[in-house]
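Breakdown of the fold
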Amino acid sequence: MSDTRRRVKVYTLNEERQWEDRGTGHVCCSEAASLTVTGEADGSVLLESRISPDTAYQKQQDTLIVWSEAENCDLALSFQEKAGCDEIWEKICQVQGKDPSVEITQDPVDESEEERFEDTPESGHLLELPPCEPERLEELAELVTSVLPSPVRREKLALALLSSGYIRKLLQLFRASEEADDRRGLQQLYQIVRGLLFLNKATLFEVMFSDDCIMDVVGCLEYEPALLQPKSHREFLTKTARFREVIPITDSELRQKIHQTYRVQYIQDIILPTQSVFEDNFLSTLSSFIFFNKVEIVSMLQEDEKFLTEVFAQLTDEATEDSKRRELVNFFKEFCAFSQTLQPQNRDAFFKTLANLGILPALEIVMGMEDVQVKAAATDIFSYLVEFSPSMVREFVMQEPQQADDDVLLINVVIKQMICDSDPELGGAVQLMGLLRTLIDPENMLAPASKTEKSEFLSFFYKYCMHVLTAPLLANTAEEDPVYASVCCVSDNFQTAQLLALILELLTFCVEHHSYHIKSYIMTRDLLRRVLTLMNSRHSFLALCALRFMRRIIGLKDEYYNRYIVKGNLFEPVINALLDNGTRYNLLNSAIIELFEFIRVEDIKSLIAHIVDNFTTALESIEYVQTFKGLKGRYEQEKERQSRGFSSGHLAFMCQHEQRLSWMFCG
């Protein structure tokens, strides 16, 4: 059995100041003073880092070691057990000649700053703090502000605050000042506590964010000097923001961790919004504190065997009230969001657990509800599942027709929600369209049973779902067609145009990636003709979407498509749009010209002949480009070639005929 004390997760801090999981493995410290993490899945090296005598290593929350190797390379090891963290920390301190009792080995400062600081009398010991008394608050506020530019002084101040229990004394003074309505003292406490947060020390956060301190910290931050009246953050956190337990949480440590994380996130997002890159760098440890709290919450919930089972039982129970189901869905949305902090293999196990418990059938129910917030939350959950495993979702959907009507199939529920949420300001339709595109993309059907999965799923999609997707398009391109009249009213308003543009974008994707299925669908329903009626739309973006659909079809250079276009005279609406556009030089004009230029360059003979035979008179007035003259030139070259070929063939036949006659008479 592997040593769990040495089991770690490796994290790096990205450009957005978010921690990214690089994998799980086991760490060791070699005789060459290097930290090496070997991946537990495949034995690959996840991290190899030499312990530099000048690098500042910091120990946080008993199971974290954080350090920077370069200007933009922050690393963290999260240990499964405290004992393993202590063991590696001792080895790091041994290499650097430090006492393992310290929380940080040294500060990354340049020599000039350190030399300047060493000249001061207090450089060899802790900073001396003024007594925690109302009349000395201004002095303390100035001290806190003065140390922020210096990493060494920040560290010394943090050690002084911790060693004397000073933070709790400050918070006691805050309560006394608030009772006495000492507004000046409260404003000074605001400056002090805000400065303590910008010290960026995890050891201070552990005290400040503890159960008995955090609400007083929030209280101090209510008295910003620039405001005439204090904020009401505590009232919001204690009265307005209520912690709803969809299922009772019996683990007191888990409850405390959830409360703490919410409140610290509130401090970061609401009370201390980042004002500059300078301040953002000072709050990096606060972001890390929140991140690792979320990792711990998800892990603790997963370890509770009864919790998820009970949540799903209520979510899928028909007797569950809508309000209760709404809370359950919102819980799962937050749970899935928190799960993104997990290492890949644990995240996979998490989503497989959700799938086994029935998350997909549950989503069918809640996405069909009228509550907008519930549908939005369900969409977010669905996106997490699609991102995790499109194959898992496809496999579930293909099993549905045996037990459900087309209208309640999960994919059709998603399509209908896309149609209902087509308001461009909401963005929900765009998100759903992206999810559908992922599900029907053959590029992510490449693992193990790819050919079978691709064939079976696409056949399923075109049989059970495509008619739902195209219903608004068909309804808005043929008023006389009663079949789709109940789906969408014929209209040319902006919201409808936005929806049709999304549908056309998805159909264009199908043309590019579904050769057989989409070709059959287009031809049997004369779909291109219907699409090209949208060239008359007053919304230019929709006309361009229709043209792009035709352009993708022609780009395939498929003679089946070409014969379909010629037979249906489908260039007519495109040429009419070009002529109606007149001399305006705009995107529509350029796109139409590019379409015909492509046909000329690729020398698509059947289309060239059709265009020249039927539209030469209409196009001969367009002389600002040479495209149409070029098409006519191609056409004439082909006729000449065919004519020469006929003449040569006819002459050869006559010569052969004369030879036969001569032979017969001579014989």
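Predicted, not measured: the structure shown is a model, and the values here were computed from it.

Looking only at helices and strands, one finds 31 helices and seven strands in the protein. Counting over 667 residues, the protein shows a buried share of 49%. Put simply, 65% of the contacts in the protein that link residues at least 6 apart link residues at least 24 apart. When the accessible surface of the protein is totalled, it reaches about 33700 Å², and 49% of it is carbon and sulfur.

Taken together, the five bridges between strand 3 (residues 34-39) and strand 4 (residues 45-50) define a ladder with antiparallel strand orientation. In the strand pairing of strand 4, Ser34 is matched with Arg50. A loop of five residues connects strand 3 with strand 4, the two strands running antiparallel in sequence, and Gly43 in this loop sits at a positive phi of about 80 degrees.

The residue Asp181 is not glycine, and still its phi comes out positive at about 55 degrees. Mapping Asp181 onto the fold places it in the loop between helix 5 (166-179) and helix 6 (183-198). Overall, the relative accessible area of 56% leaves Asp181 in the exposed class. The phi torsion at Lys557 lies on the positive side, around 55 degrees, for a residue other than glycine. Inspection of the secondary structure puts Lys557 in the loop between helix 26 (540-555) and helix 27 (559-567).

Burial analysis of strand 2 (residues 19-29) places eight of its eleven residues in the buried class, which makes it a mostly covered element. When strand 1 (residues 7-13) meets strand 2, the two strands line up antiparallel, connected through seven bridges. Looking across to strand 2, one finds that Arg7 is bridged to His26. The hairpin formed by strand 2 and strand 3 contains four residues between the paired strands, and Ala33 there has a positive phi angle of roughly 60 degrees.

Inspection of the secondary structure puts Asn293 in helix 12 (residues 284-303). Within the structure, Asn293 has its side chain in polar contact with the side chain of Gln260 (distance 2.9 Å).

On to the pattern of salt bridges, then. Going through the model one piece at a time under the given rule, you end up with 25 salt bridges. Ionic pairing is found between Glu40 and Arg7, a salt bridge with its closest N-O pair at 2.8 Å. Note that Glu40 is positioned in the loop between strand 3 and strand 4 and Arg7 in strand 1, a separation of 33 residues in sequence. Residue classification places Arg7 among the partly exposed positions, given a relative accessible area of 23%. Salt-bridge contacts for Asp86 lead to Lys59; the nearest nitrogen and oxygen are separated by 2.5 Å. Residue Asp86 is located in helix 1 (residues 82-96), and its partner Lys59 is located in strand 5 (residues 57-60); the two are separated by 27 residues in the primary sequence. As far as the burial class goes, Asp86 and Lys59 line up, both buried. In this structure, a network of salt bridges that share partners links the residues Lys59, Lys82 and Asp86.

For the structure on display, the rule yields 24 aromatic pairs. Residues Phe209 and Phe289 carry aromatic rings whose centres are separated by 5.4 Å and whose planes lie at 65 degrees to one another, so their mutual orientation is edge-to-face. With Phe209 in the loop between helix 7 (202-208) and helix 8 (214-220) and Phe289 in helix 12, the pair connects residues that are 80 residues apart, well separated along the chain. Judged on exposure class, the residue Phe209 and its partner Phe289 are both buried.

Let's shift gears to the packing of helix 26 against helix 29 (residues 587-602). Where helix 26 contacts helix 29, the two axes come as close as 11 Å, and the packing angle between them is 10 degrees. The angle between helix 26 and helix 29 places the two elements in the roughly parallel class. On the side of helix 26, the interface is formed by Leu544, Leu547, Met550, Arg551, Ile554 and Gly555, while helix 29 contributes Leu587, Leu588, Ala591, Ile592, Glu594, Leu595, Phe598 and Ile599. Split into classes, the residues belonging to the contact of helix 26 with helix 29 amount to eleven nonpolar, one polar and two charged.

Before going further, it helps to spend a moment on the environment of Thr508. Examined against the element boundaries, Thr508 turns out to sit in helix 23 (residues 494-513). Each C-alpha atom, one on Thr508 and one on Arg552, is 6.7 Å from the other, the two residues being 44 residues apart in sequence. Apart from residues no more than four positions distant in its own chain, Thr508 is found in contact with Arg548, Phe549 and Arg552.

A separate point is the packing of helix 16 (residues 359-367) against helix 17 (residues 372-388). Their axes nearest at 9 Å, the elements helix 16 and helix 17 cross at an angle of 150 degrees. Between helix 16 and helix 17, the crossing angle belongs to the class labelled roughly antiparallel. Here helix 16 and helix 17 pass one another in a crossing that is left-handed. Between helix 16 and helix 17, the residues in contact are Ile359, Leu360, Leu363, Val366 and Met367 and Val374, Lys375, Ala378, Thr379, Ile381, Phe382 and Leu385, respectively.

What follows covers helix 5. Taking 1.5 Å of rise per residue, the 14 residues of helix 5 would be expected to cover 20 Å, and the 20 Å separating its terminal C-alpha atoms lies within 8% of that figure. Lining the buried residues of helix 5 we find helix 3 (137-147), helix 4 (151-163), helix 6, helix 7, helix 8 and helix 9 (233-240). Once helix 5 finishes, Asp181 follows within two positions and takes phi at roughly 55 degrees, a positive value.

Detailed reading of the predicted coordinates is not advisable wherever pLDDT falls low. When pLDDT is averaged across the protein, the result is 83; 85% of the residues are at 70 or more. In this model, residues 108-124 is a region of pLDDT below 50 whose contacts with residues beyond four sequence positions or in other chains number 16 contacts. When the criterion is pLDDT under 50, residues 479-490 qualifies, and its contacts beyond four places in sequence or with other chains add up to 14 contacts.

So, how was this worked out
Think of each chain on its own: its residues are numbered from 1, step by step along the sequence as written. In keeping with the model being predicted, local features are shown solely for residues with a pLDDT of at least 70 and side-chain atom pairs are shown and tallied solely at 80 or more, while totals for entire chains, interfaces and linings include all residues. Calculated side-chain values reflect all of the structure's heavy atoms, with hydrogen atoms and water omitted. Only DSSP runs of H or I covering at least 4 residues are called helices, and only runs of E covering at least 2 are called strands; the numbering of each starts at the N terminus. Only protein chains enter the accessibility calculation, which uses a 1.4 Å probe; a residue whose area is less than 20% of its type maximum is buried, one above 50% is exposed, and one in between is partly exposed. The contact rule is simple, with two residues in contact once any of their heavy atoms fall within 4.5 Å. Surface accessibility follows the Shrake-Rupley procedure with a 1.4 Å probe radius. Residue values consider only the protein chains on display as shielding. Pairing between two strands requires that DSSP report at least two bridges joining them. Identification of polar contacts relies on pairs of N or O atoms within 3.5 Å, with a donor-acceptor requirement for protein atoms, meaning one able to donate a hydrogen and the other able to accept it, and with residues adjacent in sequence counted only if both atoms are side-chain atoms. The working definition used for a salt bridge is a side-chain nitrogen of Lys or Arg within 4 Å of a carboxyl oxygen of Asp or Glu. Aromatic pairs are defined between Phe, Tyr and Trp rings, using the six-membered ring for Trp, whenever the two ring centres lie within 6.5 Å; interplanar angles under 30 degrees are classed as stacked, those over 60 as edge-to-face, and all others as tilted. To define axes, lines are fitted to C-alpha atoms, for helices over the stretch in contact only, and angles between the resulting N-to-C directions are given on a 0 to 180 degree scale. Here roughly perpendicular refers to angles of 65 to 115 degrees, roughly parallel to angles under 35, roughly antiparallel to angles over 145, and oblique to all remaining angles. Amino acid classes used here: Ala, Val, Leu, Ile, Met, Phe, Trp, Tyr, Cys and Pro are nonpolar; Asp, Glu, Lys and Arg are charged; the rest, including Gly, are polar. Left-handed describes a crossing in which the near helix is turned anticlockwise from the far one by less than a right angle; the clockwise case is right-handed. Each helix should span, by expectation, one fewer than its residue count multiplied by 1.5 Å. By definition, pLDDT measures how confident the predictor is in each residue, and it falls between 0 and 100.

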